[in-house]
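Coordinate inspection notes
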Amino acid sequence: METMRTLVIRGKEQAEVVRVPIPEPGPGQVLVQVKAVTTCPQWDLHIYHGKPMFAHQGPVPFPYIPGQPGHEMTGTIASAGEGARLAVGQTVCAWRDPGQLRPGCYAEYVVMDEADVIEVPQELHYTQVVSLELAMCIAGTIIRLKRTLGIEGKRCAVNGLGPAGLIALQMLKAEGASEVVGIDPLASRRELAKSLGADRTYEAGSDELAARTEAGAPDIAVDCVGYPAAVSYMMDHTKEAVALFAVQREDYVLNHSGLSVIGYPGHFRESAEYALELIVAGKLEMRPLISKELPLEAYGEAVRLLRDQEAIKICFVP
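Chains are numbered independently. Their residues run from 1 in the order of the written sequence. In keeping with the predicted nature of the model, local features appear solely for residues at pLDDT of at least 70, side-chain atom pairs appear and are counted solely at 80 or more, and the whole-chain, interface and lining totals rest on all residues. Water and hydrogen atoms were dropped before computing side-chain values, which therefore reflect all heavy atoms in the structure.

This next bit is on the packing of helix α3 (residues 132–148) against helix α7 (residues 269–280). Each axis is a line fitted through C-alpha atoms, taken for helices only over the stretch in contact, and angles between the N-to-C directions span 0 to 180 degrees. To qualify as a helix, a DSSP run of H or I must reach at least 4 residues; to qualify as a strand, a run of E must reach at least 2; elements of each kind are numbered from the N terminus. Between α3 and α7, whose axes approach to 7 Å, the crossing angle comes to 100 degrees. One finds that α3 runs roughly perpendicular with respect to α7. Residues Leu-132, Ala-135, Met-136, Ala-139, Gly-140, Ile-142, Ile-143 and Arg-147 of α3 lie in contact with α7, whose contacting residues are Glu-270, Ser-271, Ala-272, Tyr-274, Ala-275, Leu-276 and Ile-279. Under the convention adopted here, Pro, Cys and the residues Ala, Val, Leu, Ile, Met, Phe, Trp and Tyr are nonpolar, Asp, Glu, Lys and Arg are charged, and Gly plus all remaining residues are polar. Its residues assigned to classes, the contact of α3 with α7 shows eleven nonpolar, two polar and two charged. Roughly parallel means an angle under 35 degrees; roughly antiparallel, over 145; roughly perpendicular, 65 to 115; everything else is oblique. Here, residues are in contact when the closest pair of their heavy atoms is within 4.5 Å.

Method remark: on a 1 Å grid restricted to protein atoms, a set of points is classed as a cavity if a 1.4 Å probe fits but cannot get out and as a pocket if it is open with protein on both sides within 12 Å along at least five of seven lines; lining residues have an atom within 4 Å of a point. Grid points are joined across faces, edges and corners, and a volume is the space filled by probe spheres set on the points. Approximately 210 Å³ is the volume found for the second largest pocket. Along the wall of the second largest pocket there are 14 residues; nearest its centre are Gln-57, Val-60, Pro-61, Tyr-64 and Gln-100.

The residue Leu-132 is located in helix α3 in this model. For the pair Leu-132 and Gln-33, spaced 99 residues apart in sequence, the C-alpha separation works out to 17 Å. Dropping the residues within four chain positions of it, Leu-132 is found in contact with Cys-93, Ala-94, Ile-118, Val-120, Ala-272, Ala-275, Leu-276, Ile-279 and Met-286.

As a further point, take the pattern of salt bridges. When charged atoms on two side chains of opposite charge get close, those side chains can pair. Here a salt bridge means any side-chain nitrogen of Lys or Arg lying within 4 Å of a carboxyl oxygen belonging to Asp or Glu. Evaluated as defined, the whole model comprises 20 salt bridges. With a closest N to O distance of 2.7 Å, Glu-72 and Lys-313 form a salt bridge. Taken together, the residues Glu-72 in strand β4 (residues 72–80) and Lys-313 in strand β15 (residues 313–316) connect sequence positions 241 residues apart. Accessibility assignment for this pair places Glu-72 and Lys-313 in one class, buried. Each residue is assigned to one of three classes by its accessible area relative to the maximum for its type, calculated with a 1.4 Å probe on protein chains only: buried under 20%, partly exposed between the two thresholds, exposed over 50%.

Turning our eyes to something else, we now look at helix α5 (residues 187–195). Among the residues making up α5, those that are buried are Arg-189, Arg-190, Leu-192 and Ala-193. Buried residues along α5 cover an arc of 160 degrees about the axis, so they all sit on one side. What points out from α5, more than 90 degrees from its buried face, is the exposed set Ser-188 and Ser-195. Contacts made by the buried residues of α5 are with α4 (163–174) and β10 (200–202). Within two residues after α5, Gly-197 carries a phi angle of roughly 120 degrees, on the positive side. Read the arc as the range of directions from the helix axis to the C-beta atoms.

Grouped together as the largest cluster of nonpolar side chains are 49 residues, with contacts concentrated most on Leu-132, Leu-166, Ile-167, Leu-169, Met-171 and Leu-172. Mapped by element, the contributors of at least two residues to this core are α3, β8 (155–159), α4, α5, β11 (220–223), β12 (241–244) and α7. In this structure Met-171 touches Ala-135, Ile-138, Ala-139, Ile-142, Tyr-274, Ala-275, Leu-278 and Leu-284, once residues within four positions along its chain are discounted. The next biggest cluster of nonpolar side chains, apart from the first, holds 35 residues, and it includes Leu-7, Trp-43, Ala-84 and Val-117. Think of a nonpolar core as a cluster: buried Ala, Val, Leu, Ile, Met, Phe, Trp, Tyr and Cys residues, connected wherever their side-chain atoms sit within 4.5 Å.

Our focus in this paragraph is the environment of Pro-69. Among the secondary structure elements, Pro-69 is positioned in the loop between α1 (41–48) and β4. For Pro-69, a relative accessible area of 1% corresponds to the buried category. Note: C-alpha distance between Pro-69 and Pro-103 (34 residues apart in sequence) is 8.7 Å. Once residues within four sequence positions are removed from consideration, Pro-69 is found in contact with Ile-9, Trp-43, Asp-44, Ile-47, Tyr-64, Gln-100, Tyr-106 and Tyr-299.

Time to look at the pairing of strand β6 (residues 109–113). Looking along a regular strand, one sees side chains alternate from face to face of the sheet. Among the five residues that make up β6, four are buried, leaving the element largely enclosed by the rest of the structure. Pairing of strand β3 (residues 29–38) with β6 involves five bridges; the strand directions are antiparallel. Counterpart to Gln-33 in the pairing with β6 is Tyr-109. At least two bridges found by DSSP between two strands is the condition for calling them paired.

Below, the structure written as structure tokens:
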């Protein structure tokens, strides 16, 4: 039986690469040979350190499911199950996370439901598309803002310049925002945001950002931090609406009259197609999000780099 390498998190801060049989796709599924897979900082930091991702969840079950929590992946179709239409050799990306109860993408091969992958042009470098799933998530928020309030010609702000925030600011610029301001405590990330199109950047909590009662305040803000103080700060400095993208850690106090709060709309293939169109058009640069490429065996080091904020994302090339 042919085998493959896959990552297994055995316990808190204990990860190793093991060999397991290459799985076979079932009806409506495809087997993808993984070309690249990137970290999702929130998932990786929580699971590796034995902390539940969400407050309502119980203890992290170890050993964790092989290949998890990897889910941002690109690769080629190696084989297809009954009824699948994608051809062997087609380049695809995961656009939707199938959940944490199935083998994940930190592996040389992964079985995916065909409905959860999207075809991507073969000529695109893997660093441009490997995190399409994250771009899809952000795109859902941007599309909702565009349809409910409009973005073109408006002042916008992005709070938190991690992977999600750096994507959000580029999408806001692509939608014609008159100005996009980036907010983050790290100077290196503020500089990267400027290189990706931010018109101005401020340190988190800065008094330089105009208050919501002032003419120069942002019309729209996207919060990619997720902590009550960060959300409250953006509400104090935004006129029309704050979109809450980040995972909510604690209860928010929503007491700003006249300010709309936009929740996360969920996962939709339309959002993945929107993000891919921006990538193909050169309006969304994904490569700068990848700070380093490492082998799967260096997973522990990758999580350390994320924890110490020395990396935005790590890419593994199995």
